[in-house]
Amino acid sequence: ASVQVQLVVPIVVVFGPGSVPGDLPRPLPFRDVQEMEISVNLRTSVTSRYEMLYRSTTGQEEAALAAATAREADAALHPLQDTTLGSLIMYVVTETSPLLPQGINVYVGKHRSALVRAGGSLAALQARLREVTQVMSFTASSIAAALSDRVPDGQLSPDARRYLKSSLGYEITFSLLNPDPKSHTVDWDIEGAVTCYVKPVLDKLSLVANFSVDSQILYYAVLGVTPRYDKESSSFLLSAHSLPHVINPVEARLGSSAASLYPVLNFLLYVPERSHSPLYIQDKDGAPVSTNAFHSPRWGGIMVYNVEAPASPQASLPLHVDVDMARVMEVFLAQLRLLFGLSRDELPPEFLLESPGNEGLADWELDRLLWAHTVENIATVSTTLTSLAQLLDKIGNIVIKDDVASEVYRAVASVQSAVAKLSLGRLHAAFQASKEAVTSSEKAFFDPSLLHLLYFPDDQKFAIYIPLFLPMAVPILLSLAKIVRETRQRKKEPTKMD
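For the protein chain, the name recorded in an unreviewed UniProt entry is PIGS transamidase, with Origma solitaria as its organism. UniProt, in its Pathway (unreviewed entry) section for the protein chain, records the words "Glycolipid biosynthesis; glycosylphosphatidylinositol-anchor biosynthesis." The record in UniProt for the protein chain states the following under Sequence similarities (unreviewed entry): "Belongs to the PIGS family."

Q: In this structure, what is going on with the sheet that holds strand β13 (residues 279–281)? I would like to understand it.
A: Read across the open sheet, the three strands follow the order β10-β11-β13; overall the sheet is mixed. Edge positions in the open sheet fall to β10 (228–230) and β13, since each of these has one partner strand only. Across the sheet, the mean angle separating the axes of adjacent strands is 40° when strand polarity is ignored. As judged from the three bridges shared by strand β11 (residues 235–238) and β13, these two strands associate in the parallel manner. Note on β13: the bridge partner recorded for F236 is L279.

Q: Sorry, what's going on with the side chain of Q335 here?
A: With respect to the helices and strands, Q335 occurs in helix α7 (residues 325–339). Q335 sits in the buried class, given a relative accessible area of 4%. Each residue touching Q335, except ones within four places of it in the same chain, is listed here: F267, A293, F294, H295, G301 and I302.

Q: Honestly, unusual backbone geometry in this entry has me stumped. Any pointers?
A: For residues other than glycine, phi is negative in most cases, and the peptide bonds are mostly trans. The step from L28 to P29 runs through a cis peptide bond, and the omega angle for that step is -10°. Secondary-structure assignment places P29 in the loop between β1 (3–15) and β2 (30–41). A cis amide bond, omega -15°, links S277 with the succeeding residue P278. Tracing the backbone through its elements, the reader meets P278 in the loop between β12 (264–270) and β13.

Q: Hey, could you run me through the packing of helix α5 (residues 190–205) against α7 in this one?
A: Two quantities define a packed helix pair, namely the angle between the helix axes and the distance between the axes. Relative to each other, α5 and α7 sit at 35°, their axes nearing to 10 Å. Along this stretch, α5 crosses α7, giving a crossing that reads as right-handed. Along the contact surface, α5 presents I190, A193, Y197, V198 and V201, while α7 presents M325, A326, M329, L333 and L336. In the contact of α5 with α7, the residues fall into ten nonpolar, no polar and no charged.

Q: Teacher, can you tell me more about the environment of P17 here?
A: If you trace the backbone, P17 turns up in the loop between β1 and β2. For P17, a relative accessible area of 47% corresponds to the partly exposed category. Along the primary structure P17 and Q390 are separated by 373 residues, whereas in three dimensions their C-alpha atoms are 61 Å apart. If we skip the residues at most four places from it in the chain, P17 touches T57, E62 and T94.

Q: Just to check I follow, could you spell out the pairing of β1 for this structure?
A: Each regular strand displays side chains that alternate between the two surfaces of the sheet. Of the pairings in the sheet, the one linking β1 to strand β3 (residues 44–56) comprises 13 bridges and is parallel in character. The residue of β3 that forms the bridge with Q6 is T47. When β1 meets strand β4 (residues 88–93), the two strands line up parallel, connected through five bridges. Its bridge partner being in β4, I11 is matched across the sheet by L88.

Q: For this particular structure, what's the right way to read the domain arrangement of the protein chain?
A: When the parts of a complex come together, some accessible area is lost, and that lost area is often used as the size of the interface. Entries for the protein chain in the domain assignment read domain 1 (164–340), domain 2 (365–454) and domain 3 (458–492). For domain 2 and domain 3, the distance between their C-alpha centroids amounts to 51 Å.

Q: Would you mind going over the packing of helix α8 (residues 363–394) against helix α9 (residues 402–422) with me for this structure?
A: α9 packs onto α8 with a crossing angle of 150° between their chain directions and a minimal axis gap of 11 Å. α9 is crossed by α8, and the crossing has left-handed handedness. Together, W371, T374, I378, V381, L385 and L388 of α8 and V408, A411, V412, V415, A418, V419 and L422 of α9 make up the contact between the two elements.

Q: Before we go on, may I ask you to explain the nonpolar core in this structure?
A: Among soluble globular proteins, nonpolar side chains are generally buried collectively. One finds L7, F174, L205, L269 and F340 to be the most contacted residues of the largest nonpolar core, which totals 93 residues. Counting residues per element, this core draws most heavily on α8, at ten residues. Taken domain by domain, this core gets at least three of its residues from each of domain 1 (164–340) and domain 2 (365–454). Residues contacting L7, with those up to four places away along its chain left out, are V46, T47, S48, R49, F138, I143, W371, V375 and L422. Ranked by size, the runner-up nonpolar core spans 20 residues in total, among them F236, L243, I247 and L279.

Rules used throughout
Residues numbered from 1 in each chain as written. Predicted model: local features only at pLDDT ≥ 70, side-chain atom pairs only at ≥ 80, totals over all residues. Heavy atoms only, no water. UniProt positions renumbered as here; feature names shortened; annotations may be inferred. Pairing = 2+ DSSP bridges. Helix = DSSP H or I, 4+ residues; strand = E, 2+ residues; numbered from the N terminus. Axes fitted to C-alpha atoms, helices over the stretch in contact; angles between N-to-C directions. Buried < 20%, exposed > 50% of the residue type's maximum accessible area, 1.4 Å probe, protein only. Contact = heavy atoms within 4.5 Å. Left-handed = near helix turned anticlockwise from the far one by under 90°. Nonpolar A, V, L, I, M, F, W, Y, C, P; charged D, E, K, R; others polar. Domains from an automatic or database assignment. Core = buried A, V, L, I, M, F, W, Y, C linked by side-chain atoms within 4.5 Å.

As structure tokens, then:
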């Protein structure tokens, strides 16, 4: 099934006082359109279209841009902006503007706007704007990652398959592993930590999917690898190559993913037993990992939480441990961002990004997720409906119930609506339509009446029924033969004449 999508990003470029390039093609305000082809494969064509409106600042915007710092300017400009999902607004400031620190050409705020230093000519400014737009909406690689099932392996970056697949919901499980309860009594205020740190992030992500959170404490749950003792540091070490073997034995104890409809994200806090304390994780180069944690793509993360040895060897056991939840949650939320592909490491050095603060992700990062998930949902529905059509072609006598047919029609209509809304630059509506399409296509595909096992191929029918009917058919066929024979004989015999 071929997928053709046009991603339209509405962008407003606002020139502050003294920042208008001398080589503008026509007087402000004016519109301009830039298109770019994102090559995925022959069956998938994705075009990005940037619809740009160039204009001058209003009096209120000018006042806001006179703030002392970029952060203050961003906060003052936010109430003046159109906050439609997927739209961007760029404020162009003079090359000597004190708003941007030395060496920084772009400041990306926590909403949907950025401050950009004028580049002298329009061409230089446009090149800079293109970079900012890709950071704040999508890049060719982020769209390729969303379509990873359709892209040849060689063309994908190693990170593309790390991110979670688009889903209607996710389940998050926080587990505290205490392998040595005789030595440690561990207390963690997980409820308070979830309310304080996790809830604001999930509230923001609730547009993307439904989230459920639960927690558990597991006793006597050990890692599947015995750490190596290091004499120099008198500590135990887990090397990078042994980390994959840590997960399997622990996962058997978690027991959450077996009954789950949605992908489960596991975040494990491991308090090492006394005989293996302190325990540190090493990276590939043998250096200690500063967070003492690691993450597994599409699965979750594990953090090792060392307990300080008691001051006197006579201290009574078990030791009481109060977990510092702020430190732990900082690591788990960073891992959550990694799992959703929201890491910020591949940015040009002249970019300054505002920290999203308590919400965990900026508005434009949410949009970035929605762009990727909308495209992925459209491709998924296309694949699901194609598979369903192939199944129906194979089985000639299959019965399609009305409710299955209506789900298929609904899925097709929703996908068409999502594609149409993307081409109008209405990201939120497009994402909602793509979610409805996924729901309908999966209902149709997994309908119990379409189990191909219910419909036997003709050769199987003959193989089943011939052994049953053959014993009954033999006497019937012999009787028919006898009747035919007798009828022929009767015709041959001459009729007697008196």
